[in-house]
Amino acid sequence: RTALERGEFHLVYQPVIDAGSSAVKSFEALLRWSNPEIGEVPPSKFITIAEETGLIVRIGEWVLRTALEEATHWPRDVSIAVNISPLQLQEPSFVMKLVSALSQSGIDAKRVELEITETVFLHINPMTQKVLRQIQGLGVRLAIDDFGAGYSSLGYLRDTNFDTIKIDRSFIQAISSDDPESGAIIKAVVALAGSLGMKTVAEGVETEEQLEMVRALGCDRIQGYFFSDPLPGAKVRPLLARG
Ligand code: C2E
Ligand code: CA
Ligand code: CA
């Protein structure tokens, strides 16, 4: 609670690259917390707590506004992806907050993608379905995050209309450890996404071998330490300005 008041949060941005051209397509905003007493706290530690206490709603709103504003300093063909907790979607005022963040920043909604983990489908109901449709009605895209890691169900792919599938990094990291099953699953997810008109992102690509594999398996986009760590906004701007 005090971290929000004291401004101890900041965002870093990790590029997502086109598998064919290697051009930077977008950046994913990732939250960081540095506290003067305890130092850097990884999101894996504090996000769960923020979700349990409901604070993620306020923190998430700050993330959304900050990320959208930052992206207005980038070229128009570079998009911004923001992680949204399923709890935020359950807030009746979420769409209003999104509209407000869009208009306050002035960013084109088509440059914005929201990433939601598949756990959202555990709580899917007519209300959340409607919220998802309203978000897309604004022109904002939706991505399923960490696909395959948790409660993947083909039923929700039928009932919703997501734009992007982000394949969980556990599958990408397994292909280098000689695991033919992971490769087969990635290939099947790419085929499924293709026939549903969705794009795929391979997450957590760390090595050249993994890069070649996910390219060969047909993933559209690539994200991971092989290309870049998440970077502070102040480093992204000059990078993009240099082209
Ligand atoms: P995520 O959405 O799956 O984000 C990708 C995570 O993978 C990031 O961890 C990123 O730093 C890490 N990563 C990127 N490339 C590689 C790689 O090549 N290898 C490996 N091993 N890891 C890589 P990070 O920043 O620690 O975030 C962890 C999770 O915390 C995120 O996973 C996301 O679920 C959550 N998170 C982060 N920021 C936000 C936020 O603003 N809102 C919400 N609701 N959740 C957030
Ligand atoms: Ca994500
Ligand atoms: Ca992910």
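Reading the values: rules and limits
Residue indices begin from 1 for each chain and proceed along its sequence in written order. Chain labels run from A onward and ligand labels from 1 onward, assigned in the order the entries are written. With the structure being a predicted model, the display of local features is reserved for residues of pLDDT at least 70 and the display and counting of side-chain atom pairs for 80 or more, all residues being used for whole-chain, interface and lining totals. With hydrogens and water stripped out, all remaining heavy atoms of the structure feed into the side-chain values. Buried, partly exposed and exposed residues are distinguished by accessible area as a fraction of the type maximum, computed with a 1.4 Å probe on protein chains only: under 20%, between the cut-offs, and over 50%, respectively. Helix and strand assignments follow DSSP, with helices taken as H or I runs no shorter than four residues and strands as E runs no shorter than two, numbered in order from the N terminus. Two strands are said to pair when DSSP picks up at least two bridges between them. It suffices for a single heavy atom of a residue to lie within 4 Å of a molecule or strand for the residue to be listed as near it. Here a polar contact is taken to be a pair of N or O atoms separated by no more than 3.5 Å, where protein atoms must pair a possible hydrogen donor with a possible acceptor and residues adjacent in sequence count only if both atoms sit in side chains. The way it works is a 1 Å grid over only the protein atoms, where trapped points that fit a 1.4 Å probe form a cavity and open points with protein on both sides within 12 Å along at least five of seven lines form a pocket, and then any residue with an atom within 4 Å of a point lines it. Pocket or cavity membership: a molecule qualifies when more than half of its atoms sit within 2 Å of the grid points of that site. Under this grouping Gly is polar, as are all residues other than the nonpolar Ala, Val, Leu, Ile, Met, Phe, Trp, Tyr, Cys and Pro and the charged Asp, Glu, Lys and Arg. Throughout, right-handed denotes a crossover for which the path from the first strand over the helix to the second runs clockwise when the strands point away from the viewer. Shown as donors are all N, O and S atoms within 2.8 Å of a metal ion, widened to 3.2 Å for Na, K and Ca; because water is not in the atom set, sites may appear incomplete. Grid points are joined across faces, edges and corners, and a volume is the space filled by probe spheres set on the points. Pairing of aromatic side chains requires ring centres within 6.5 Å, counting the rings of Phe and Tyr and the six-membered ring of Trp. Pairs whose planes differ by under 30 degrees are stacked, by over 60 edge-to-face, and all others tilted. What a helix is expected to span follows from its residue count: subtract one and scale by 1.5 Å. Note: the arc covers the axis-to-C-beta directions of the helix. Note on definitions: a residue-residue contact is assigned when non-hydrogen atoms from the two residues lie within 4.5 Å.

**Describing the pairing of strand β1 (residues 9-18)**
Along β1, 9 of the 10 residues are buried, which leaves the element largely enclosed by surrounding structure. Two successive antiparallel strands, β1 and strand β2 (residues 24-35), enclose a turn made up of 5 residues, where Ser 22 displays a positive phi of approximately 65 degrees. For β1 and strand β10 (residues 231-232), the ladder comprises 2 bridges, and the chain directions are antiparallel. Counted as the bridge partner of Val 12 is Pro 232 from β10. Two strands pair when backbone bridges link them, and β1 and strand β9 (residues 221-223) are joined in this way by 3 bridges, in the antiparallel orientation. Residue pairing for β9: Ile 17 is matched across the bridge by Ile 222.

**Considering the site of ligand 1**
In the vicinity of ligand 1 lie 21 residues, with Gln 14, Arg 32, Asp 145, Glu 206 and Tyr 225 positioned nearest. In this structure, an oxygen atom belonging to ligand 1 sits 3.0 Å away from a side-chain N or O atom of Asp 145. The separation between an oxygen atom of ligand 1 and a polar side-chain atom of Asp 146 is 3.2 Å. Taking a 2 Å distance to the grid points as the criterion, the majority of the atoms of ligand 1 fall inside the largest pocket. Looking at which element gives the most residues to the shell around ligand 1, the answer is β2, with 4 residues. Split by residue class, the shell around ligand 1 holds 8 nonpolar, 6 polar and 7 charged.

**Things to note about the pairing of strand β7 (residues 164-167)**
Alternating positions in β7 separate into two faces, Thr 164 and Lys 166 on one and Ile 165 and Ile 167 on the other, with burial throughout. Where strand β6 (residues 141-147) meets β7, 3 bridges bridge the pair, whose relative direction is parallel. In the strand pairing of β7, Ile 144 is matched with Ile 165. A crossover links β6 with its parallel partner β7, the connecting element being helix α7 (residues 154-159), and its sense is right-handed. Strand direction decides the pairing type here: β7 and strand β8 (residues 199-202), joined by 4 bridges, are parallel. Residue pairing for β8: Ile 165 is matched across the bridge by Thr 200.

**A few points about the coordination of the calcium ion (ligand 2)**
Protein coordination of the calcium ion (ligand 2) is provided by Glu 28 (OE), Asn 83 (OD1), Glu 115 (OE) and Asp 145 (OD), with donor distances spanning 2.1 to 2.3 Å. Here the donor residues of the calcium ion (ligand 2) are spaced in sequence according to E-x54-N-x31-E-x29-D.

**Notes on the layout of surface pockets**
For the largest pocket, the calculated volume is near 1,300 Å³. What lines the largest pocket is a set of 42 residues, and nearest its centre among them are Glu 28, Leu 30, Asn 83, Asp 145 and Asp 146. Looking at the lining of the largest pocket, the elements with two or more residues in it are β2, α2 (43-53), α3 (56-71), α4 (86-89), β5 (112-117), β6 and α8 (169-175). Here the lining of the largest pocket is composed, by residue class, of 15 nonpolar, 16 polar and 11 charged.

**Structural notes on the packing of aromatic side chains**
Within this structure, the stated rule accounts for 7 aromatic pairs. With centroids separated by 6.1 Å and ring planes inclined at 45 degrees, the aromatic side chains of Phe 9 and Trp 33 adopt a geometry described as tilted. You can see Phe 9 sitting in strand β1 and its partner Trp 33 sitting in strand β2, a full 24 residues away along the chain. Taking relative accessible area as the criterion, Phe 9 reaches 10% and is therefore assigned buried. Classification of Trp 33 by relative accessible area gives buried; the value is 18%.

**Considerations on helix α6 (residues 126-137)**
When the terminal C-alpha atoms of α6 are compared, their 16 Å separation across 12 residues agrees well with the 16 Å that a helix rising 1.5 Å per residue should span. Within the sequence span of α6, burial applies to Thr 128, Gln 129, Val 131, Leu 132 and Ile 135. On an axial view of α6, the arc spanned by its buried residues comes to 160 degrees, and they lie on one face. Exposed side of α6, more than 90 degrees from the buried face: Pro 126, Arg 133 and Gly 137 are the residues found there. Those residues of α6 hidden inside the fold are in contact with α4, α5 (94-105), β5, β6 and α7. One side-chain oxygen at the N-terminal end of α6 lies 2.9 Å from the backbone nitrogen of Met 127; it belongs to Asn 125. Directly beyond the C-terminal end of α6, a positive phi value near 100 degrees is found at Gly 139.

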